[in-house]
Amino acid sequence: MKRMAKSAGITLAALMMVMTAACSTANNGNKANENPGSSPAATENPAATESAAPEETIDPFGKFDPPVKLNVVRNTDSTFKFKEGESFDNNAWNSAYSDQLGIEIVNKWIVQSDQYDQKMNASIAAGDLPDIFRVNAVQFKQLADAGQLEDLSEAYEKYASPLSRELIENGQVAKAAATIGGQLLALPQAQDYYGGAPLLWVRTDWLTKLGLPEPETMQDVFAIAEAFTNQDPDDNGKADTLGLALSKELFGGYPDVTGFMNGFHAYPKIWIKDDSGKLVYGSIQPEAKAALAKLQEMFKAGQIDKEFGVKDGSKASELEVDGKIGLHFGAMWNPLFPLQGNKDKEPQADWKPYPIPSIDDKQANAQSSLDYNQFWVVRKGYEHPEAVIKMFNLNNKIFGDSEEPEVYHSKDGVEFHKYSLLGNTGTGEGLIGVQKHIADAFASGDASKLTGEEKGYYDKIVAHEAGDNSGWGTDRVFGKLSSYSVIGQYYHQDKRLTVNEYFGAPTETMGDRKATLEKLELETFTKIILGAPMEEFDKFVADWKKLGGDQITAEVNEWLATK
Amino acid sequence: MVEKNWSRQLPLHLMVMPALLLVLVFSYGPIAGLVIAFQKYSIVKGIFGSEWIGFDNFRYVFSLPGTLDVIGNTVLIAFMKIVAGLIAPIATALLLNEIRIESIKRGVQTLIYLPHFLSWIILGSILIDILSPSSGIVNQMLGLIGIKPIFFLGDNQWFPYLLVLSDVWKEFGFSTIVYLAALTSINPTLYEAAVVDGAGRWKQTLHVTLPGMLPIIILMSTLSLGNVLNAGFDQVFNLYSPQVYESGDIIDTFVYRLGLVDAQYAVATAMGMFKSAVSVLFVSVSYYLAYRLANYRIF
């Protein structure tokens, strides 16, 4: 009975959502009827005023006079804190927007961050859009297709400050993703390929104990995994250690087979260019088969947890935390989770990151993919599209000059920078810069130039060096020898990075077949690692192509031709 | 006469009004939204703007490879759960009813009822540990009687049964309460009469207790038949893995990956509508059967 009530509840909720959509679409229709041809009028208007008084208007930091109202929407969670008397309606950033730019922020609604997308869906369905707002990739494409977004090309050309321009132009791919049909319809999210690139993590106190060299090739990795399994690195006299961490998701930050496959020059789950310049899907290439064969061999040799196939990432992490595994491939944040947990339990433990080693004499590249999922857009018909550019300029000026971090960044654990709009937009050096600045500060002994964020990490690293174990994770992400020192040196400077060449919205067949094809891929890869015959891979490739893969490949290449 | 009745009942009609309104607005009104199952639905275009594509969404779902396997898994798992979920609590309620010492009865009742309050997220993690073939307590005990370790969560032959077992373990205490309540409503004089006729405990159970519980048993089975396509999303989602997709992937997890992860609302609605239609069918049939066979009406 209870279960019935529950399913009824879910259905009801779904139906309610649909209902809201129904009512509101009606409104939308009305609005369009009331005001026929509103969009052409709106696009002509700014052009007219601009041509009338060009000199006045073209100032990247010019103040609107009289002030303009700007409807926005916000999301919040437990990390958002306010000083006494401040709120989303009244804080340093809102004051900066109104005092310096003449933009009065009006919050239409504020929701919990995890409900933002749904609430935005409801607003879109209701046709009740804010003036400037953030959408995800699917919403962006739907709004763009329906012609509900303002073209920002002209405002961007006229009003972007040199710094803003640099930040956007740095991320050419991001800019391309925000451009549809030659129109710049959004300010894209930061293009940070480096944050997602996999690293090799090895427990170096075990290396020292067993007298093994640091890994430089994949052969070294195999030797280390073998030794960690059979030579009792934890000295307890039991054969209870393993060589490589895996989880049932296989992919996903921790632990992640992507890095392992990259060592074989295989690039799973992303689109790469083949010799003829065509885009092909990485998971179905012969290199992936070779990597899977090796994983199968390691599984048979008892170097991989026999039960990895049922454990998700956080469950799988328990083995490393308990000191049973000393090697995995994973993301830059792994020191914070789960390795810090191991460090807390075994203070003598130490882990270091390494760039992806290679199986042969060809250099191995780490792969990285960005699914552009954040776009700041302007509602079609909003009279002042340049407002979004000006706000972006102002953000960059304040952050770029580290202007009054105690007002705009953070103080006493309250993070003021969260109140600013257009967060995570535009590309600087990203977190590689943070690591560099911190290293510089240690070299010169002068921490005064660090931004509030950087200072926070710096202080933790200082505390770690003074013996505070809890700062170890931060040290390994941003310190002298850290995720970002490896990423900066090998992936950024030496360009050992292969990126996903497809960055458009999901194609039609992708949308239709993604669930099926992903299931097929994950199921096959897992079975092969667990010992299925290698012919399964060839069967997977054939099935993948037949079940829509060929169609997707064609669509992706069509997209490529338009770029 | 009629006039008089009407005016006397008016306040009652008014009192039921708000509830009726809520039901109409929130239960019946949204049914209209099912129309998106027949559309190429886009949230921007909305219900009235989206293109009408007839049964294409249904055709699409059923053309996907694996859909039939998924439905097969769902029906098998759900059906076993329905049967086990009826037998276990009824048996438990009958046994508990025989216990004379009140404190033991209450104690057992509370203990078996507790797992109901644990969420599957927590239980999922616990089950992975206790069912582990290398270190789990279950396999260690099986080892004592000479059975080789079984990888319950990773073995396609065991996985569906594990789902049923763990679900029954979690929920049977809760359902037992319903049957215990039904037992208290049986007239004690019937037992006295049975004793006079020379019936022992077993005969009393068979001829007094069970017939007394029959209406509630029929009610519960009729309602649970509506779940024939609900194999339990929370549970499967937290326990399954690519290793056991073959035997454990059910409609709900499939729709979750299709509809929510990939944002194909129309397809998810079509699948949901299919589920509802099948459920309505089963509930109607069982209602009819209950009426014909047991002469019992729920409504």
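Residues numbered from 1 in each chain as written. Chains lettered and ligands numbered in written order. Predicted model: local features only at pLDDT ≥ 70, side-chain atom pairs only at ≥ 80, totals over all residues. Heavy atoms only, no water.

- As annotated in an unreviewed UniProt entry, chain B is Protein lplB from Paenibacillus agaridevorans.
- Check the Subcellular location (unreviewed entry) section of the UniProt entry for chain B; it says "Cell membrane".
- Regarding chain B, the UniProt comment filed under Sequence similarities (unreviewed entry) reads as follows: "Belongs to the binding-protein-dependent transport system permease family." (UniProt positions renumbered as here; feature names shortened; annotations may be inferred.)

- As annotated in an unreviewed UniProt entry, chain A carries the name ABC transporter substrate-binding protein and is attributed to Paenibacillus agaridevorans.

### Side note on the overall build of chain B
Here is step 1 of the chain: Of regular secondary structure, chain B possesses 14 helices and two strands.
Here is step 2 of the chain: Seen through its principal axes, chain B has C-alpha atoms that stretch 80 × 75 × 30 Å.
Here is step 3 of the chain: For chain B, the share of sequence-separated contacts (at least 6 apart) that also reach a separation of at least 24 residues comes to 63%.
Here is step 4 of the chain: Taken as a whole, chain B presents about 16300 Å² of accessible surface, with 71% of it coming from carbon and sulfur.
Here is step 5 of the chain: Computed over 17 positive and 17 negative side-chain charges, the inter-centroid distance for chain B is 8 Å. (Helix = DSSP H or I, 4+ residues; strand = E, 2+ residues; numbered from the N terminus. Contact = heavy atoms within 4.5 Å. Areas by Shrake-Rupley, 256 points an atom, 1.4 Å probe, with all protein chains shown as cover. Lys, Arg positive; Asp, Glu negative; His and termini not counted. Charge placed at Lys NZ, Arg CZ, Asp CG, Glu CD.)

### Brief notes about the domain arrangement of chain A
Residue and element names in this part refer to chain A.
Here is step 1 of the chain: Structurally, chain A comprises domain 1 (45–193 + 372–419) and domain 2 (196–369 + 496–562).
Here is step 2 of the chain: The straight-line distance from the C-alpha centre of domain 1 to that of domain 2 is 38 Å.
Here is step 3 of the chain: Each partner contributes to the interface: domain 1 provides six residues, whereas domain 2 provides nine residues.
Here is step 4 of the chain: Taken together, domain 1 and domain 2 are joined by zero salt bridges. (Domains from an automatic or database assignment. Salt bridge = Lys/Arg side-chain N within 4 Å of Asp/Glu carboxyl O.)

### As for the environment of Ala 443 of chain A
Here is step 1 of the chain: On the secondary structure map, Ala 443 of chain A appears in helix H18 (residues 431–444).
Here is step 2 of the chain: Of the residues examined, Ala 443 of chain A reaches a relative accessible area of 70% and is grouped as exposed. (Buried < 20%, exposed > 50% of the residue type's maximum accessible area, 1.4 Å probe, protein only.)

### Quick notes on helix H5 (residues 116–126) of chain A
Here is step 1 of the chain: Those residues of H5 of chain A lying buried are Tyr 116, Met 120, Asn 121, Ser 123, Ile 124, Ala 125 and Ala 126 of chain A.
Here is step 2 of the chain: Immediately downstream of H5 of chain A, the backbone of Gly 127 of chain A shows phi near 65°, a positive value.

### Considering the UniProt feature "transmembrane region" (unreviewed entry) in chain B
Residues and elements named next belong to chain B.
Here is step 1 of the chain: The sites that UniProt annotates as "transmembrane region" (unreviewed entry) are residues 12–38, 70–96, 108–128, 172–191, 212–233 and 265–290.
Here is step 2 of the chain: Secondary structure across residues 70–96 divides into 100% helix and 0% strand, with the first and last C-alpha atoms of the span separated by 38 Å.
Here is step 3 of the chain: A helix fraction of 71% and a strand fraction of 0% characterise residues 108–128, whose end C-alpha atoms lie 26 Å from each other.

### Points about the interface of chain A and chain B
Here is step 1 of the chain: Taken together, the contact pairs 43 residues of chain A with 51 residues of chain B.
Here is step 2 of the chain: Summed over both partners, the interface of chain A with chain B comes to about 4200 Å²; 62% of that surface belongs to carbon and sulfur atoms.
Here is step 3 of the chain: For the pair chain A and chain B, the number of links is four salt bridges.
Here is step 4 of the chain: Glu 246 of chain B is paired through a salt bridge with Lys 527 of chain A; the nearest N and O atoms lie 2.8 Å apart.
Here is step 5 of the chain: There are nine residue pairs in polar contact (both at pLDDT 80 or more) connecting chain A and chain B.
Here is step 6 of the chain: Of all the secondary-structure elements, those providing two or more residues to the side of chain A that touches chain B are helix H1 (2–34), H5, helix H6 (137–145), helix H14 (313–321) and helix H22 (508–529) of chain A. (Buried area = accessible area lost by both parts, 1.4 Å probe. Polar contact = N/O pair within 3.5 Å; in protein donor to acceptor, adjacent residues only side chain to side chain.)

### Some remarks on the sheet that holds strand E13 (residues 375–378) of chain A
Residue and element names in this part refer to chain A.
Here is step 1 of the chain: Read from one edge to the other, the open sheet built from three strands follows the order E3-E13-E6, with strand pairing classed as antiparallel. In the strand order of this sheet, the two ends are held by strand E3 (132–135) and strand E6 (187–188), each with one partner.
Here is step 2 of the chain: Where H6 meets the sheet, it contacts E3 and E13, and its direction lies at approximately 125° from that of E3. (Pairing = 2+ DSSP bridges. Axes fitted to C-alpha atoms, helices over the stretch in contact; angles between N-to-C directions.)

### Things to note about the sheet that holds strand E7 (residues 199–203) of chain A
Residues and elements named next belong to chain A.
Here is step 1 of the chain: Pairing within the open sheet is antiparallel, and its three strands lie in the order E10-E7-E11. Each end of this open sheet is capped by a strand with a single partner; those strands are strand E10 (327–330) and strand E11 (351–354). When the angles between neighbouring strand axes are averaged without regard to direction, this sheet yields 25°.
Here is step 2 of the chain: Helix H15 (residues 335–345) rests against E7, E10 and E11 of the sheet, and its axis sits at about 5° to E7.

### Thoughts on the packing of aromatic side chains
Residues and elements named next belong to chain A.
Here is step 1 of the chain: Applying the stated rule across the entire model yields 40 aromatic pairs over all chains.
Here is step 2 of the chain: A network of ring pairs unites the aromatic residues Phe 80, Phe 82, Phe 88, Phe 416 and Tyr 419 as a single cluster.
Here is step 3 of the chain: It is Arg 165 that lies over the ring of Tyr 156; its NZ or CZ is 5.4 Å from the centre.
Here is step 4 of the chain: We note Lys 390 situated over the ring of Phe 64; from NZ or CZ to the ring centre the distance is 4.3 Å. (Phe/Tyr/Trp six-rings, centres within 6.5 Å; stacked < 30°, edge-to-face > 60°. Lys NZ or Arg CZ within 6 Å of the ring centre and 35° of its normal.)

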